[in-house]
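Descriptive analysis of the structure
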Amino acid sequence: MSYQAIGGGVTAAKGFQASGLHCGIRKNQSKKDLALIVSDVPCNAAAVYTQNLVQGAPIAVTKRNLADGTARAVICNSGNANTCNADGEEKAQMMCDLIAAELKMEPEDIIVASTGVIGQVLPIEPIASAAAQLAAALSPTGSQDAAQAIMTTDTVAKEAAVELALGGKTVRIGGIAKGSGMIHPNMATMLAFLTTDAAISSQMLDQALREAVAESFNMVSVDGDTSTNDMVSILASGLAENPEITEKNADYQAFTQALTQMCISLARMMAKDGEGATKLLECRVSGAKTKETARKIAKSVICSSLFKSAMFGSDANWGRVLCAIGYSGADIDIHLVDVYFLSRAGKVNVCMNGAGVPFSEETAKKVLSESEIVVLVNLHEGDQSAEAYGCDLTYDYVKINGDYRS
């Protein structure tokens, strides 16, 4: 492994500070609702956005601001998505203007995001009142505060960081993310703000981000709902002083691999923290003819409400896995498929060559009663593989979303 996990989250890389506080958008004063991430220097930048046709106003503003491939700060509120509002873009622009004034930078250098309830007017007054305090609170150790401030129904803050050597220099990549519900493959379906001190061109940064997202955030599903607001953005300060990555060379591959693994860590955190979830589910598909086939099948299994419900009940109903494979749209020979359930309690083979095999229900129950469960699917048709991440479907998911606005 050419990289290693470290602490520090979104402020692990050189030149980044972050902060988070409660400004008053959310009723609960114990919950932070405004986050800020800032680089000491201008950064190359890239972002990937939701594919939902209904998109939050901050996305339109951020796309304009990132048109030149550069940015320096991120401002994000939780508690209100600023979506489907007549004054949405105006409010998103005002958020950029307020922070730009405090940080003495141009509004066009700011990424803006919002998350929370859709269709309610975003009050700008709490943000305006807290802008100075938010800027003053910036700290090289502020990642946790920022991670908490972007949470909605999340139960834990999500942050990760890695470091690797590039061109004789130590490069760091860090990030924070939020996501618990309204999570479904097709970037983006959550918020993730990433930073790095690597020297890398905007074009290469964009390509590396897209590769990483394809293997991580696009392979997560909690409930099948694709969000309206969310994005993954990355800022690169260049302060590590490695030789700038301007082409797909060995340094690019090493950087992208490290970025991908960090994003997978965040993706797994989101899946495990799915609304009402009690179990992290992972589907590992091997033996596929193509990468796309492997991804289709892995996502189809993870997205199956019947499979997710069976996992909640620790029921080895492997037929639901085969069913999800069958309607995935992948061109495979179902008569070659093997399926196993795996956890730290053991491994049980439930299907061989597309047909059931005898297994101990008692052993299967033990395997599926663990908090992290892996479904192994071998197609026996090639050498391509993919992994997808999700969670079980519980009574609490309905409870949480039955009174989400309150």
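Heads up: these notes are all about the structure in this document. (Residues numbered from 1 in each chain as written. Predicted model: local features only at pLDDT ≥ 70, side-chain atom pairs only at ≥ 80, totals over all residues. Heavy atoms only, no water.)

Observations regarding the overall build of the chain
Let me state the cut-off plainly: Helix and strand definitions here come from DSSP, where helices need a minimum of 4 consecutive H or I residues and strands a minimum of 2 consecutive E residues; each element is numbered from the N-terminal end. Type-normalised accessible area, obtained with a 1.4 Å probe on protein chains alone, sets the label of each residue: buried when under 20%, exposed when over 50%, and partly exposed for intermediate values. Surface accessibility in these figures is a Shrake-Rupley result with a 1.4 Å probe; residues are shielded only by whichever protein chains are displayed. For the purpose of counting charges, residues Lys and Arg are taken to be positive, whereas Asp and Glu are taken to be negative. His and the chain ends are not included. Charge coordinates come from a single atom per side chain, which is NZ of Lys, CZ of Arg, CG of Asp or CD of Glu.
Helix and strand counts for the chain come out as eleven helices and 16 strands. If one aligns the C-alpha atoms of the chain with their principal axes, the spans along those axes are about 70 × 50 × 35 Å. Put simply, the chain has 406 residues, and 55% of those count as buried. Surface summary for the chain: the accessible area is close to 15700 Å², and the carbon and sulfur share equals 49%. When the 33 basic and 45 acidic side-chain charges of the chain are each reduced to a single mean position, those positions are 4 Å apart.

Focus: the packing of aromatic side chains
The geometry of two aromatic rings is summed up by the distance between their centres and the angle between their planes. Threshold: Working definition: a ring pair exists when centres of Phe, Tyr or Trp rings (six-membered ring for Trp) sit within 6.5 Å. Plane angles under 30 degrees give stacked, over 60 give edge-to-face, the rest tilted.
Overall, the coordinates contain one aromatic pair when judged by the stated rule. Considering the side-chain rings of F312 and Y395, the 5.2 Å spacing of their centres and the 90° angle between planes classify their relative orientation as edge-to-face. Note that F312 is positioned in helix α8 (residues 305-312) and Y395 in helix α11 (residues 395-402), a separation of 83 residues in sequence. The exposed category is assigned to Y395, whose relative accessible area is 62%.

Some points on the sheet that holds strand β9 (residues 220-221)
The condition that has to hold: Strands pair, by our definition, only if DSSP identifies at least two bridges between them. Note on contacts: a residue pair qualifies if any of its non-hydrogen atoms lie within 4.5 Å across the two residues. Note on geometry: axes are C-alpha line fits, over the in-contact stretch for helices, and angles between N-to-C directions span 0 to 180 degrees.
One open sheet accounts for seven strands, arranged β9-β16-β11-β15-β12-β13-β14; its pairing is mixed. Of all the strands in the sheet, the pair left with one neighbour each is β9 and β14 (355-356). As defined by bridge partners, strand β12 (residues 338-343) adjoins strand β13 (residues 346-352) across five bridges and the pair is classed as antiparallel. Bridge pairing in β13 links V339 to C351. Helix α6 (residues 250-272) rests against β9, β11 (280-288), β15 (372-378) and β16 (384-391) of the sheet, and its axis sits at about 40° to β16.

Notes on helix α3 (residues 125-136)
Here is the rule we go by: The directions from the helix axis to the C-beta atoms form the arc being described.
Residues of α3 that are buried include every one of P126, I127, A130, A131, L134 and A135, and no others. Down the axis, α3 shows its buried residues gathered within 150° of arc, on one side only. Across α3 from its buried face, at more than 90 degrees, point the exposed residues E125, S129, Q133 and A136. The inward-facing, buried residues of α3 contact β2 (16-21), β3 (34-49), β4 (70-80) and α2 (88-103).

Concerning α6
In plain terms, the rule: To estimate how far a helix should reach, multiply one less than its number of residues by 1.5 Å. Two N or O atoms count as a polar contact when they lie within 3.5 Å, although within protein this holds only if one can serve as hydrogen donor and the other as acceptor, and sequence-adjacent residues are included solely when both atoms are side-chain atoms.
Here α6 is 23 residues long and its end C-alpha atoms lie 33 Å apart, about the 33 Å a rise of 1.5 Å per residue gives. Its side-chain oxygen at 3.2 Å from the backbone nitrogen of D251, N249 defines the N-terminal cap of α6.

Re the nonpolar core
For soluble globular proteins, nonpolar side chains are generally found buried alongside one another. Just so we agree on the cut-off: We define a nonpolar core as any set of buried Ala, Val, Leu, Ile, Met, Phe, Trp, Tyr and Cys residues linked to one another through side-chain atoms lying within 4.5 Å.
Among the nonpolar cores identified, the biggest contains 77 residues, and L194, F217, F255, L259, V321, F341 and V377 are the most heavily contacted of them. When neighbours within four sequence positions are excluded, L259 is seen to be in contact with I173, L194, A208, L209, A212 and I234.

A few points about the side chain of S343
Mapped onto the elements of the fold, S343 is located in strand β12. Separated by 2.7 Å, the side chain of S343 and the backbone oxygen of V367 make a polar contact. Not counting the four nearest positions on each side in its chain, S343 is found in contact with V367, E370 and E372.

Remarks on the pairing of strand β8 (residues 191-196)
The two faces of the sheet receive side chains in turn, since in a regular strand these alternate between them. Counting buried positions over the six residues of β8 gives six, a clear majority of the element. Burial along β8 is two-sided: L191, F193 and T195 facing one way and A192, L194 and T196 facing the other are all buried. Here strand β7 (residues 169-178) runs beside β8; their pairing, made up of six bridges, is antiparallel. The partner of G174 across the bridge, within β8, is T195. Pairing geometry for β8 and strand β10 (residues 231-236), over five bridges, is parallel. By the bridge assignment for β10, T195 is matched with L235.

Describing unusual backbone geometry
Peptide bonds are mostly trans, and most non-glycine residues show a negative phi. Residues other than glycine seldom take positive phi values, yet N82 does so here, at roughly 50°. Structurally, N82 is set in the loop between β4 and α2. The buried category is assigned to N82, whose relative accessible area is 0%. Not every positive phi belongs to a glycine, and H380 is a case in point at roughly 55°. When you line up the elements, H380 lands in the loop between β15 and β16.

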